Amino acid sequence: MDVLLPARHAGRRGRRRPVTAPVEPYAHGLLDVGDGHRVYWEECGNPEGRPAVVLHGGPGSGCTPAHRTLFDPARYRIVLLDQRGCGRSTPRVLDHAADLSANHTWALVDDLERLRAHRGIDRWLVLGGSWGSTLGLAYAQAHPDRVAATVLASVALLRPADDDWLFGAGAARFFPEAWAAFSAPAPDAVGAAEMFDAYHRLLHDPDPAVRDGAVAAWCAWEAATLSLHPDPHAGEAFADPRFAATFVRLGVHYFRHGGWLAEDQLLRDAGRLRGIPGVLVAGRGDVQTPMQAAWELAQAWPDARLVVTDGGHVSADGAVAAELRRATDAFAV
């Protein structure tokens, strides 16, 4: 989820300020976070601006120059990072036998705290989409005193019912042909949990052709379900086989473990966000993360404002991205 597409695929509806070319980083590095991991980070924009951190989706998609365009670089100190195992962080999850035991949600939460302290930031705005919204909520609930505001799109709460919608044949009602291709490698799987286990086995098959086929099938389903009106260019994000393998291996790993969250944990603990202003952006055409999750979160979090567009998933939709820019503009005042 949330492979942010280049600006040439983004719609222009509702845009208040023009989207310029991404500003280049003025600082970057690799932070040793322990467990043999080093996390890539970069900063761009105004070093004296309001600090903000971007949490990419996937898990495993990595940060991109397109993420930098969600902020006014004159007013924000923009921090981006590649979460463990992906992008420019090391080690990257390319080998099917890679050890993922130290790659989990709460390790990523700790990484964010290390990065915040490393960069000398007291509090920052947290922006995330799709899986990035999941991580953003987990981080904000664990460290509310370090979060000045939140901007979250395509909210994913990682509840079993949500998993069953996307990976247990719920969304197949809209895309039966894509579901047939996705479920073909795991014909006996019933429900999301069994589908995750089946794909885990496929990704660890000794035959590389089986592993590659599983990666391709998963990516095709991801690309097909971004919106009720899919972008024909969505599959381009998975053209790099190294990126695709990383994306799928980390995704299956996290989903198979329920994100290391107790059932309904993020909604249950929404009270910890009291006093933190938030904007939740949802698209009515979002198939991967239907807007019900954002609506339920908004009911449990009085300081959050729900903004609904007629678009799709954050990674595919210009209308959603435009609302994210509106939100960051408003918080920059």
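Just above, that's the structure.
In this text the structure is predicted, and so the values were computed from the model without any measurement.

K.L.:
Would you explain the sheet that holds strand E3 (residues 50-55) in this entry?
P.N.:
Picture the strands of a sheet paired through backbone hydrogen bonds; they go either parallel or antiparallel. What the 8 strands build is an open sheet, ordered E1-E2-E4-E3-E5-E6-E7-E8; its pairing is mixed. Each end of this open sheet is capped by a strand with a single partner; those strands are strand E1 (27-34) and strand E8 (304-309). Each strand axis lies, on average, 20° off the axis of its neighbour in the sheet, ignoring direction. Relative to E8, strand E7 (residues 278-283) runs parallel, the two sharing 6 bridges. For Gly283, the partnering residue across the bridge sits in E8 and is Thr309. With respect to the sheet, helix H2 (residues 105-118) is in contact with E1, strand E2 (37-45), E3, strand E4 (76-81) and strand E5 (124-129), its orientation differing from that of E1 by roughly 130°. Contacting E3, E4, E5, strand E6 (147-153), E7 and E8, helix H11 (residues 318-332) crosses the sheet at an angle of about 165° to E6.

K.L.:
I tried to follow the pattern of salt bridges on my own but got confused; where do I start?
P.N.:
If the charged atoms of two oppositely charged side chains come close together, the side chains can form a pair. Under the criterion given, the structure shown has 20 salt bridges. Close ionic contact of Arg116 with Glu113 constitutes a salt bridge, the shortest N to O distance being 2.8 Å. Placement of the pair is Arg116 and Glu113 together in helix H2, with a separation of 3 residues, close to one helical turn. Taking relative accessible area as the criterion, Arg116 reaches 8% and is therefore assigned buried. Accessibility expressed as a relative area gives 16% for Glu113, which makes it buried. Overlapping salt bridges bring together Glu24, Glu42, Arg68, Asp82 and Arg88 as one network.

The rules behind the values
- Residues numbered from 1 in each chain as written.
- Predicted model: local features only at pLDDT ≥ 70, side-chain atom pairs only at ≥ 80, totals over all residues.
- Heavy atoms only, no water.
- Pairing = 2+ DSSP bridges.
- Helix = DSSP H or I, 4+ residues; strand = E, 2+ residues; numbered from the N terminus.
- Axes fitted to C-alpha atoms, helices over the stretch in contact; angles between N-to-C directions.
- Contact = heavy atoms within 4.5 Å.
- Salt bridge = Lys/Arg side-chain N within 4 Å of Asp/Glu carboxyl O.
- Buried < 20%, exposed > 50% of the residue type's maximum accessible area, 1.4 Å probe, protein only.

Spatial relationships are all this shows, so hold off on functional conclusions.
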